[in-house]
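The lines below spell out each chain.
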Amino acid sequence: MSAQTIPLAVAAPLLAAAVLALVRRPVVRRAVLFGVLAALTVYYAALVATVADGTVLAVHIGGPPGGVAVTFAVDAFSALMLTATSLVTLLCAAFAVGTGDDDRHWFAPLVLILTAGVAGALSTSDLFNLFVFLEVTLVPSYVLVMMSDDRRRGPAARVYITASLLASTLFVTGVALAYGTAGTTSLAALAPAEVQAAGAVLLTALAVKAALVPVHGWLAQSYPYASPAVAAMFSALHTKVGLYAIYRIYTLMLDGEPAFGPVAVAVCVLSIAVGAFAALGQVEMRPILSFSMVSTNGYIALGAALAGPVGLAAGIFYLLNDIAIKGALFMSVGAVEHRYGTGRLSGLGGLARREPLVALAFLVPALSLAGMPPFSGFVAKFALVRAAMSEGQHYAAAIAVIAGLLTLAAMVKIWQRAFVAARDRRAPAVAGVRFALVVPALILGGVTVVLGLGGDWLLALCDTAGHGLADPTDYEKAVLGP
Amino acid sequence: MSAAVAVAILVAGGVFLVLQRGLVRLTLGFVMLTNAANLILLASGGMAQRNPPLVGVGSTENAADPLPQAFVLTAIVISFGITIFLFSLVRSGRDDDTEDDP
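Residues numbered from 1 in each chain as written. Chains lettered and ligands numbered in written order. Predicted model: local features only at pLDDT ≥ 70, side-chain atom pairs only at ≥ 80, totals over all residues. Heavy atoms only, no water.

Visitor: Is there a simple way to explain the overall build of chain B in this structure?
Guide: For chain B, the count of helices and strands is 3 helices and 0 strands. The order of helices and strands in chain B, counted from the N terminus, is α-α-α. Relative to all contacts within chain B whose residues are 6 or more apart in sequence, the contacts with residues 24 or more apart total 53%. For chain B, the computed accessible surface area is about 6200 Å², with 66% contributed by carbon and sulfur atoms. (Helix = DSSP H or I, 4+ residues; strand = E, 2+ residues; numbered from the N terminus. Contact = heavy atoms within 4.5 Å. Areas by Shrake-Rupley, 256 points an atom, 1.4 Å probe, with all protein chains shown as cover.)

What follows is the structure in structure tokens.
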């Protein structure tokens, strides 16, 4: 697998999007969309096999290395993230075809541009290039979030666009500060001593993007009111790319010890706690999931804050695991909302009997999210708590465990009221959820079961990724040249 | 010094406008904030370097750093596109943000 093909994987979805903007026939649109996404997933899986032993693939576009060239570098962390995000994007696109979001003729081109942005952001090694690709990810999302039948989409879109623009402006300011102090924006060439202040600005911008406390408010005000397929896609992509960037930039700033150590851990612990509590108080399904996403983003960021290879590896496993779980949860809940017209728990009921497949598609990821064995969520939480204990962060570990119980309570709340309790007899009769809508969520539920029972190979890959982040000499050698 | 003062004024005005009611004021606020970010990008190349960064034109003493200028061009284009999108939002929807408090 040659490194030269990495930029091709960014250019191909863009070209496909340009072509699809001219095409009107739905069959061709769907064929190109699924063809490109499937090809990308297979390509990135092959890339994982290539970098599994710790090699870093790097390609320079234009100009000498380490200087003015734009460098794409894929190590184990990037390859794992790329595979996970492209797989979940593929399944969310299938879900969108099922809900009818695909009927709008600009949906497929926008999703392809989104994919190109994510692919570029996860494989670049230059800060300004990361900013550009983050914008490429965000701008189609501004349009996609408007594309909803919910009456509340106007304010939701406004909040989302405003928060994302704020994050982007802060991020580019951080990039400017980094260039001003260090003279370079290459992730491999920035020295820890130079990048502390710029790194603080960058991390703040990324905390807004990843919805960590105290800048988490926009998430639960926007994701519940986008269309279900779009919300599922965003849950797997945007915040996760922000968390990936937090990992990259935070590990840059390490100088033998964690940067802003107590503050970083405090932010993560607050996110874990506040998200879990807030999820319990909501009365609709998707706000519960959105707040618990704040909580899980706190867990993932805790992996970065712990900063040793063990903590990083645990965080990376949690991140990959969470991409699958959140996609599955948003899709199963979205299938219910799409068919029953509401996400309010008081308007639903008895779904376990009427829709056993949807109930299964919800139950498996929900238990995995709460950290119940034998699912992959348990493995991820256990690894993270053990890493926290070994780094001496006992309070963080305790709160992580307690918040897991609170998340379980929130999932039981949804399960009890929407699936088990009897439906109001006066509610109008509705046809069942189509099988095609449930399949993507079931597939991701299967992934979490498989990873829970036999995920050692993934843990080993995350270990390689964590070591590659904690000790970046291989990365620097690949990017800057020997 | 003048760049720092300009950035300060732009950010102050931008933050004030972003917190106002009404999508038009929000958009104008973001125009100011992104322009402030662009100024910071330009300033990161060194404000003392004023000569054009071209070989063979003028002296290479104090030639400006071309990389921040490339960054700023990209950032300006991105912010321009987003401004157009925000204004199209203003145009398309009923602006329910400017109604009086109940």
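Visitor: Is there a simple way to think about the interface of chain A and chain B in this case?
Guide: By convention, interface size is frequently given as the accessible area that disappears when the constituent parts associate. Each side of the interface is counted separately: chain A has 22 residues, and chain B has 24 residues. Carbon and sulfur atoms supply 82% of the area that chain A and chain B bury against each other, a total of about 2000 Å² over both sides. Area buried by chain A at its contact with chain B is led by Phe128, Arg158 and Tyr179 of chain A, which between them contribute 31% of it. Taken together, chain A and chain B are joined by 0 salt bridges. At the junction of chain A with chain B, the criterion picks out 1 residue pair in polar contact (both at pLDDT 80 or more). Going through the elements one at a time, α5 (127-146) and α6 (153-182) of chain A are the ones with two or more residues in the side of chain A that touches chain B. If you tally residues by element for the side of chain A that touches chain B, the top one is α6 of chain A, at 12 residues. Of the residues in the side of chain A that touches chain B, the class split is 15 nonpolar, 5 polar and 2 charged. (Buried area = accessible area lost by both parts, 1.4 Å probe. Salt bridge = Lys/Arg side-chain N within 4 Å of Asp/Glu carboxyl O. Polar contact = N/O pair within 3.5 Å; in protein donor to acceptor, adjacent residues only side chain to side chain. Nonpolar A, V, L, I, M, F, W, Y, C, P; charged D, E, K, R; others polar.)

Visitor: Sorry, what's going on with the packing of helix α11 (residues 285-306) of chain A against helix α12 (residues 309-340) of chain A here?
Guide: In a pair of packed helices, the angle between the axes and the distance between the axes together describe the arrangement. All names here are of chain A. Between α11 and α12, the shortest axis-to-axis distance is 8 Å and the interhelical angle comes to 170°. The angle between α11 and α12 falls in the class roughly antiparallel. Looking at the contact of α11 with α12, its residues break down into 14 nonpolar, 7 polar and 4 charged. (Axes fitted to C-alpha atoms, helices over the stretch in contact; angles between N-to-C directions. Parallel < 35°, antiparallel > 145°, perpendicular 65-115°, else oblique.)

Visitor: How do you make sense of helix α1 (residues 2-18) of chain B when you look at a structure like this?
Guide: Along an α-helix, a turn takes 3.6 residues, which lines up residues three or four apart on a common side. Taking 1.5 Å per residue, 17 residues should reach 24 Å; α1 of chain B reaches 24 Å between its end C-alpha atoms and fits that length. Here α1 of chain B has its buried residues at Ala3, Val7, Leu10, Gly14, Leu17 and Val18 of chain B. End-on, the buried residues of α1 of chain B take up no more than an arc of 105°, which puts them together on one face. Facing away from the buried side of α1 of chain B by more than 90 degrees, the exposed set consists of Ile9 and Phe16 of chain B. Lining the buried residues of α1 of chain B we find α6 of chain A together with α2 (23-43) of chain B. (Expected span 1.5 Å × (residues − 1). Buried < 20%, exposed > 50% of the residue type's maximum accessible area, 1.4 Å probe, protein only. Arc of directions from axis to C-beta.)

Visitor: When you look at the packing of aromatic side chains in this model, what are you seeing that I'm missing?
Guide: Taken as a whole and assessed by the stated rule, the structure comprises 18 aromatic pairs over all chains. When the centroid spacing of 5.5 Å and the interplanar angle of 50° are considered together, the rings of Phe128 of chain A and Phe131 of chain A count as tilted. With Phe128 of chain A and Phe131 of chain A both in helix α5 and 3 residues apart, the pair spans about one turn of that helix. Each member of the pair, Phe128 of chain A as well as Phe131 of chain A, is classed as buried. Between Tyr160 of chain A and Tyr223 of chain A, the ring centres sit 6.4 Å apart and the planes meet at 55°, which makes this aromatic pair tilted. Here Tyr223 of chain A lies in the loop between α8 (217-222) and α9 (228-252) and Tyr160 of chain A lies in helix α6, a separation of 63 residues in the sequence. The pair formed by Tyr160 of chain A and Tyr223 of chain A is uniform in burial state, with each residue classed as buried. What links up through ring pairs into an aromatic cluster is the set Tyr142, Tyr160, Trp218, Tyr223 and Phe234 of chain A together with Phe85 of chain B. The residue whose ring lies beneath Lys381 of chain A is Tyr299 of chain A, and the NZ or CZ to ring-centre distance is 4.6 Å. (Phe/Tyr/Trp six-rings, centres within 6.5 Å; stacked < 30°, edge-to-face > 60°. Lys NZ or Arg CZ within 6 Å of the ring centre and 35° of its normal.)

Visitor: Which parts of the structure should I look at to understand the environment of Asn321 of chain A?
Guide: Residue and element names in this part refer to chain A. Mapped onto the elements of the fold, Asn321 is located in helix α12. The exposure class assigned to Asn321 is buried, which follows from its relative accessible area of 3%. The spatial distance from the C-alpha of Asn321 to the C-alpha of Ala73 is 23 Å, given a sequence separation of 248 residues. Not counting residues within four places of it along the chain, the set of residues in contact with Asn321 comprises Ser368, Ser376, Gly377, Ala380 and Thr448.

Visitor: Looking at this structure, I do not really get the pattern of salt bridges. What am I missing?
Guide: Two side chains bearing opposite charge may form a pair once their charged atoms approach each other closely. Residue and element names in this part refer to chain A. One pass over the structure, following the stated rule, counts 8 salt bridges over all chains. Between Arg104 and Asp101 there is a salt bridge, with the nearest N and O atoms lying 3.8 Å from each other. On the accessibility criterion, Asp101 (7% relative accessible area) is buried. Where Lys326 meets Asp322, a salt bridge forms, and the shortest distance between an N and an O atom there is 3.4 Å. Here Asp322 and Lys326 lie together in helix α12, a separation of 4 residues that amounts to about one turn. In terms of burial, Lys326 and Asp322 fall into one category: buried. A single network of salt bridges, built from pairs that share partners, joins Arg30, Asp102 and Asp103.

Visitor: Mind showing me how you'd approach the confidence of the model for chain B here?
Guide: For any part of a model where pLDDT is low, the fine detail of the predicted coordinates should not be relied upon. All names here are of chain B. In the predicted model, chain B carries a mean pLDDT of 85, and the fraction of residues at 70 or more is 89%. Mean pLDDT values over the elements of chain B span from 90, in helix α3 (residues 66-92), up to 94, in α1. Predicted complex, confidence summary: ipTM 0.92, pTM 0.94. (pLDDT = per-residue confidence, 0-100.)

Visitor: When you look at the packing of helix α2 (residues 26-51) of chain A against helix α4 (residues 107-123) of chain A in this model, what are you seeing that I'm missing?
Guide: Residue and element names in this part refer to chain A. Relative to each other, α2 and α4 sit at 15°, their axes nearing to 10 Å. Here α4 runs roughly parallel to α2, going by the angle between their axes. The chirality of how α2 crosses α4 is left-handed. Two secondary-structure elements touch here, α2 through Arg29, Leu33, Val36, Leu37, Leu40 and Tyr44 and α4 through Ala108, Val111, Leu112, Thr115 and Ala119. Looking at the contact of α2 with α4 residue by residue, the class counts come to 9 nonpolar, 1 polar and 1 charged. (Left-handed = near helix turned anticlockwise from the far one by under 90°.)

Visitor: I tried to follow helix α3 (residues 76-99) of chain A on my own but got confused; where do I start?
Guide: Residues and elements named next belong to chain A. An ideal rise of 1.5 Å per residue puts 34 Å on 24 residues; α3 measures up with 35 Å between its terminal C-alpha atoms. Across the 24 residues that make up α3, a large majority, 21, are buried. Positive phi appears at Gly100, one or two residues downstream of α3, with a value of about 90°.

Visitor: Looking at this structure, I do not really get the pairing of strand β2 (residues 70-74) of chain A. What am I missing?
Guide: Successive residues of a regular strand alternate their side chains across the two faces of the sheet. Residues and elements named next belong to chain A. Burial runs high along β2: 4 of the 5 residues are buried. As judged from the 5 bridges shared by strand β1 (residues 57-61) and β2, these two strands associate in the antiparallel manner. When the sheet's bridge partners are listed, Val59 is paired in β2 with Phe72. (Pairing = 2+ DSSP bridges.)

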